[in-house]
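# An overview of the molecular structure
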Amino acid sequence: MIRTTTVPRPARVAAAMVGVAGVIALAGCSTGGEAGDSAGAPTTDSGASTAPSTSDAASYADGTYTGEGSYATPESVETITVTVTLVDDVITEVEVVGQPQKAESKQYQGQFVGGISEVVVGKDIDEISVSRVAGSSLTSGGFNQAIEQIKSEAAV
Amino acid sequence: MSAPESPAHATWCFDAIGTSWEIETTEALGPGIRARVTECIAQFDRVWSRFREDSLVTSLARDPREVGAPADAAEMLDAFVALSAATAGAVNPLVGRSLESLGYDAAYSLVDRGAAPAPLEWVDQLTWTGERMRLTAPALIDVGALGKGRLVDLVLAVLSPAVPGDIVVDAGGDMALRGGPVRIGLEHPYDARRAIGVWEVTDAALCASATNRRAWGDGLHHVLDARTGRPVTTYAATWAVAATAMRADAIATALFFDGGVELAHGWGVEWVRMTTDGRVEWSPGCAADLFTGPDIVDV
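Here we come to the overall build of chain B. Within chain B, the secondary structure is distributed over eight helices and 17 strands. In chain B, which comprises 299 residues, the share counted as buried stands at 62%. Pairs at least 24 apart in sequence give 61% of the contacts found in chain B among residues at least 6 apart. Accessible surface computed for chain B: about 10600 Å², of which carbon and sulfur atoms make up 52%.

Written as structure tokens, this is what we have:
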């Protein structure tokens, strides 16, 4: 069961994505050399890959991985810590701790936002009887090849 | 992921424009209609793909000029005007060079060469009428914010008059439906084996966008703020249901930015979005069944 630990306020997650995307895309290695460290991009100390849709993909060591990062916004420098727990190549827990973002005003939300939940619970897709799944675009071709190449260079 | 309650159906699977397509119909599609769908996609790709050397947008980036307006130009670029205005310029059809600079280029170099903001006054560089389209600077057009949705609509329009019964056109999670209902799982952006909710959709389109899959590490992914040239960071995934896939796709993009929910309200589009730290928000009256915790905040 995935448990996404939320911080009290929405975190400015530059680095959350950094951490998480970095963790997902780049397995078990420093990412500084792969993607460069320009423009204040955070670094991920260590990571691992999920390969969620293909169970026979490369394996990554179970454990908890933490990445810290900072990035510059027009107003400030934001910092964040992302901790990811991996079990059998699946991210079982994601924790993000960071500075609260500048939120849209309450009045604005009241007019256009129907509701907010601080906690989302992932359910196993095989258990909810759906015929389609919508998320990030399934990709094919060159993009996946490039990602696989990066992952193969990074796998434990 | 079968749907035991649905009637017999046939699914045609293929890869095109860098994604996996599934077209589901009650009866198998014959070679004639398949050829027309294939040609529809190929025509769109030849004009709008920045991943093709021989596409119109690649040619225009090398040699800015006035051309006869390609099909779909006015519909898509008019929608970009609304998107750009709603998001204070964060969504911009001249963001192609910004994506390239981060490494999401035609060669998939995936090497970050730094942030490159897109031209803010893009309507000064790109103009169009129903007949003509003119680019005055060597900018690279990228219709990714809504182009796939538009193409899904086009494919459904090819199929609709020729095919009886329910139709699902699903281009890697962006889909348009005739008939239904179809139960659609909302994929957890951090774990593709899980869903954060189910949305039952009939006679409408659902498009999704997320920053996890087309990501190449260190915070780099394909949803950029055109004003900075950097990837967005607050939201991890968005979903939108609209009458057309183009509008659903456009809102799914806009929801990554301030102003997106206002445009959704104006267009009457329902939506769900998840922040990168796991919070979920939804539109007033949203029909999606979300797997949320007990502490829902009334706003």
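A low pLDDT score tells you not to read the predicted coordinates there in detail. Residue and element names in this part refer to chain A. For chain A, per-residue confidence averages 50 on the pLDDT scale, and 17% of positions sit at 70 or higher. Here helix α2 (residues 32-35) is the element of chain A with the lowest mean pLDDT, 32, and strand β7 (residues 132-134) is the one with the highest, 86. Contacts of residues 1-58 to residues separated by more than four positions or lying in other chains number 190 contacts, the stretch itself having pLDDT below 50. Counted against residues more than four places away or in other chains, residues 70-78, with its pLDDT under 50, gives 21 contacts.

Glancing now at the sheet that holds strand β3 (residues 66-68) of chain B. Strands belonging to one sheet form pairs held by backbone hydrogen bonds; the direction of such a pair is parallel or antiparallel. All names here are of chain B. Strand order in this open sheet of three strands is β3-β5-β4, and the pairing throughout is antiparallel. The sheet is open, and its two edges are formed by β3 and β4 (126-128), each paired on a single side. In this sheet, adjacent strand axes meet at a mean angle of 15 degrees when their direction is disregarded. Sheet topology note: the β3/strand β5 (residues 132-135) ladder contains three bridges and is antiparallel. When the sheet's bridge partners are listed, Gly68 is paired in β5 with Arg132. Against the sheet, helix α3 (residues 73-86) contacts β4 and β5, and its axis sits at roughly 125 degrees relative to β4.

Glancing now at unusual backbone geometry. Backbone torsion omega between B:Gly180 and B:Pro181 reads 5 degrees, so that peptide bond is classified as cis. Structurally, B:Pro181 can be placed in the loop between β7 (174-178) and β8 (182-188). Even without being glycine, A:Ser129 reaches a positive phi, approximately 55 degrees. Within the fold, A:Ser129 resides in the loop between β6 (123-124) and β7. The backbone of B:Ala88 shows a phi angle near 55 degrees, a positive value even though the residue is not glycine. The residue B:Ala88 is located in the loop between α3 and α4 (96-101) in this model. Judged by relative accessible area, B:Ala88 falls into the exposed class, the value being 52%.

Residues and elements named next belong to chain B. Membership of the largest hydrophobic core comes to 72 residues, with the highest contact counts inside it found for Trp21, Trp48, Met133, Val155 and Leu159. Setting aside residues up to four positions removed in sequence, Trp48 forms contacts with Val57, Pro70, Ala71, Asp72, Ala73, Met76, Met133, Ile141 and Val143. Listed in part, the 25 residues of the second largest apolar core include Leu186, Leu206, Ala210 and Trp282.

On to the side chain of B:Asp174. Assignment of secondary structure puts B:Asp174 in strand β7. In terms of polar contacts, B:Asp174 uses its side chain to reach the side chain of B:Lys148, at 2.8 Å.

The subject of this paragraph is the pairing of strand β10 (residues 205-210) of chain B. All names here are of chain B. Of all six residues in β10, six are buried; the element is thus mostly enclosed. Burial of β10 is two-sided: the residues Ala205, Cys207 and Ser209 facing one way and the residues Leu206, Ala208 and Ala210 facing the other way are all buried. Note: β7 against β10, two bridges, orientation antiparallel. Its bridge partner being in β10, Met175 is matched across the sheet by Leu206. Relative to strand β13 (residues 235-242), β10 runs antiparallel, the two being bridged by six bridges. Residue pairing across strands places Ala205 opposite Ala242, the latter belonging to β13.

Turning to the environment of B:Arg178, a few remarks are in order. Residue and element names in this part refer to chain B. When you line up the elements, Arg178 lands in strand β7. For the pair Arg178 and Arg194, spaced 16 residues apart in sequence, the C-alpha separation works out to 26 Å. Setting aside anything within four residues of it in sequence, one finds Arg178 in contact with Leu156, Ser160, Val163, Pro164, Gly165, Asp166, Ile167 and Asp203. Here the side chain of Arg178 touches Ser160 through a polar contact of 2.8 Å, landing on its backbone oxygen.

Before going further, it helps to spend a moment on the packing of α3(B) against helix α7 (residues 245-254) of chain B. All names here are of chain B. Where α3 meets α7, the axes come as close as 11 Å, and the angle between the chain directions of the two elements is 30 degrees. As summarised for this structure, α3 and α7 are arranged roughly parallel, according to the angle between their axes. Pair α3 / α7 crosses with right-handed handedness. Of the residues in α7, those touching α3 at Glu75, Met76, Ala79 and Leu83 are Met246, Ala250 and Ala254.

Another aspect to go through is helix α1 (residues 31-48) of chain B. All names here are of chain B. With 18 residues, α1 should reach 26 Å at 1.5 Å per residue; the first-to-last C-alpha distance of 26 Å fits that figure. Considered for burial, the residues of α1 that qualify are Ile33, Val37, Cys40, Ile41, Phe44, Asp45, Val47 and Trp48. Those residues of α1 that are buried lie in contact with β1 (10-16), β2 (19-25), α2 (56-62), α3, β5 and α6 (147-159).

For B:Asp142, the location among the structural elements is in the loop between β5 and α6. Excluding anything up to four places from it in sequence, B:Asp142 contacts B:Arg50, B:Phe80, B:Asn92, B:Pro93, B:Val95, B:Gly96 and B:Leu99.

All names here are of chain B. Mean pLDDT over chain B stands at 87; residues scoring 70 or higher make up 89%. Here residues 1-5 is modelled with pLDDT under 50, and outside its nearest four sequence neighbours on either side it reaches 10 contacts, counting other chains as well. Predicted as a complex, the structure gets a pTM of 0.72 and an ipTM equal to 0.76.

The subject of this paragraph is the pattern of salt bridges. Residue and element names in this part refer to chain B. Considering all chains together, one arrives at 18 salt bridges over all chains under this definition. Arg132 serves as the salt-bridge partner of Glu66, at 2.9 Å between the closest nitrogen and oxygen. Here Glu66 is found in strand β3, whereas its partner Arg132 is found in strand β5, with 66 residues between them in sequence. A salt bridge links Glu66 to Arg134, with the shortest nitrogen-to-oxygen separation between them at 3.9 Å. Residue Glu66 is found in strand β3, and its partner Arg134 is found in strand β5; the two are separated by 68 residues along the sequence. Residue classification places Arg134 among the partly exposed positions, given a relative accessible area of 41%.

Cut-offs and rules
- Residues numbered from 1 in each chain as written.
- Chains lettered and ligands numbered in written order.
- Predicted model: local features only at pLDDT ≥ 70, side-chain atom pairs only at ≥ 80, totals over all residues.
- Heavy atoms only, no water.
- Helix = DSSP H or I, 4+ residues; strand = E, 2+ residues; numbered from the N terminus.
- Buried < 20%, exposed > 50% of the residue type's maximum accessible area, 1.4 Å probe, protein only.
- Contact = heavy atoms within 4.5 Å.
- Areas by Shrake-Rupley, 256 points an atom, 1.4 Å probe, with all protein chains shown as cover.
- pLDDT = per-residue confidence, 0-100.
- Pairing = 2+ DSSP bridges.
- Axes fitted to C-alpha atoms, helices over the stretch in contact; angles between N-to-C directions.
- Core = buried A, V, L, I, M, F, W, Y, C linked by side-chain atoms within 4.5 Å.
- Polar contact = N/O pair within 3.5 Å; in protein donor to acceptor, adjacent residues only side chain to side chain.
- Parallel < 35°, antiparallel > 145°, perpendicular 65-115°, else oblique.
- Left-handed = near helix turned anticlockwise from the far one by under 90°.
- Expected span 1.5 Å × (residues − 1).
- Salt bridge = Lys/Arg side-chain N within 4 Å of Asp/Glu carboxyl O.

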